[in-house]
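Below are the chains, spelled out letter by letter.
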Amino acid sequence: MVLTHPLDGTPQLPAEVIATMLRGIKELSKDARQILSPMVEQRDELRKLLLQRKWIEKIDASIPVGSVAAVDGAQIQETLYAGDLVVAVAVAAEGLTPAGRLGEATVHSTWQRFTNHDGDNDRLGKVAMVAQELKLLQGLPHNMCILDGSHQTPVIVINSALSSQSKEVRQAALEVLEENNAVSALRDLCSPERGGKIVACPKSDSSRDLIGLLTDRLSGHKTFDLPGTDKVLASLVLEPGEMFQAFRVPKAWEGLHIETRRELRSDPGDPVVNIASQLDQCIQPLRDRTIRITYAKPAGCSTAVKIEFKEHRGADWRKEVCAMIGAETPAPHLQEPFAQHLADQWAKSIGIGVQAQLQGMRLDLAENGAPEFLEYVLRSYRTIGG
């Protein structure tokens, strides 16, 4: 007699899914080699040329490091049966050598709203986060202030919210932008003078602007095949303790804009149209491409930090910034300045706060005799499994 297992011939999920995924590891490794190998193979020749043309400089570690602070934010959309709880926070943190100046300014801000389900509520959470980040940046007294992301990031986020299909999202975005005086804060961020001390450090970045520039500048010598990103190039070509010469942001920045939906623009008296117009005027320095980009590889690090700074401050400011970034990014533990890392960690604690808010809402509804509401605030929109 032959015994047959009752599950023979039945798909074993998720075990079979995981097994199939693991069989794809070699193909993934092949993809990674195709991206990295050309850069590794050409690194030495490219570095030699860049040194000859003085595109690579040493970071001057002897430059005195001033006070450093960074601002970061986070947002969560908790989807419940009755609606969405949208929460956004922004926080500021000081660097490795605390200046003790956070007490001179507002260093955290929170925004929350329980609202109807809407496909654009994610845009609302992001614009609330960005508006608060800009407000915090505006008030910090430090020598250098770091914006997590690019100078473009607030522009893209604000434009997305004000051009939402949802009237409710546009109205809520208007309110949070006004509450945080976003017109003034965005103007200061973009201003070559008032925003000169603010630098932007994008962590996740897929740009190939430096690669395009170098490919063009070196075309008379050799055609380089560089399939990766600028950050990978900088990390491979720079030695620890080095930085690139600065280069101008790409022409694509000339197309940056903030506007609302086309069908609304005919009414300049509309508050959303009005604030979009004011905010759009604030970003003219970005369209004029007054921002410069460099990459610095702090001593001991294997990765490079992308830095956007105002050209108005000049070459000496680039050297000061890279010196501060180098001093603030201890290897091998961090891949971004300590203040930026700390602000990121603090902002991510939003999850604990959101759960506390939800529990508080449920208790408040229960205590006030509203059981018919409680069930729908208690329940998720999806079945919770063990």
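Residues numbered from 1 in each chain as written. Predicted model: local features only at pLDDT ≥ 70, side-chain atom pairs only at ≥ 80, totals over all residues. Heavy atoms only, no water.

Q: What exactly am I supposed to notice about the overall build of the protein here?
A: Across its full length, the protein holds 14 helices and 10 strands. Principal-axis analysis of the C-alpha atoms places the extent of the protein at approximately 80 × 75 × 45 Å. Put simply, the protein has 386 residues, and 46% of those count as buried. Look at the contacts in the protein between residues 6 or more apart in sequence, and 76% of them connect residues 24 or more apart. Charge-centre separation for the protein: the mean point of 43 positive side chains lies 7 Å from the mean point of 50 negative side chains. (Helix = DSSP H or I, 4+ residues; strand = E, 2+ residues; numbered from the N terminus. Buried < 20%, exposed > 50% of the residue type's maximum accessible area, 1.4 Å probe, protein only. Contact = heavy atoms within 4.5 Å. Lys, Arg positive; Asp, Glu negative; His and termini not counted. Charge placed at Lys NZ, Arg CZ, Asp CG, Glu CD.)

Q: Is there a simple way to think about helix α4 (residues 152-162) in this case?
A: Helical periodicity: at 3.6 residues per turn, an α-helix aligns residues three or four positions apart in one direction. Burial in α4 covers these residues: P154, V155, V157, I158, N159, A161 and L162. Those residues of α4 hidden inside the fold are in contact with α3 (121-139), β5 (144-148), α5 (167-179), α6 (182-190), α9 (271-282) and α10 (284-287).

Q: Any chance you could explain the pairing of strand β2 (residues 68-79) here in plain terms?
A: Moving residue by residue along a regular strand, the side chains alternate between the two faces of the sheet. Where β2 meets β5, 4 bridges bridge the pair, whose relative direction is parallel. Bridging across to β5, V68 finds its partner in M144. Where β2 folds back onto strand β3 (residues 84-94) in an antiparallel hairpin, the turn is made up of 4 residues. (Pairing = 2+ DSSP bridges.)

Q: Is there a simple way to explain a nonpolar patch on the surface in this structure?
A: On the surface, a cluster of nonpolar side chains totalling about 280 Å² of accessible area is made up of I18, L22 and I25. Tracing the chain through its elements places L22 in helix α1 (residues 15-22). Judged by its relative accessible area of 53%, L22 is exposed. (Patch = residues over 30% accessible without salt bridge, like charges linked within 9 Å, V, L, I, M, F, W, Y side chains within 5 Å. Areas by Shrake-Rupley, 256 points an atom, 1.4 Å probe, with all protein chains shown as cover. Salt bridge = Lys/Arg side-chain N within 4 Å of Asp/Glu carboxyl O.)

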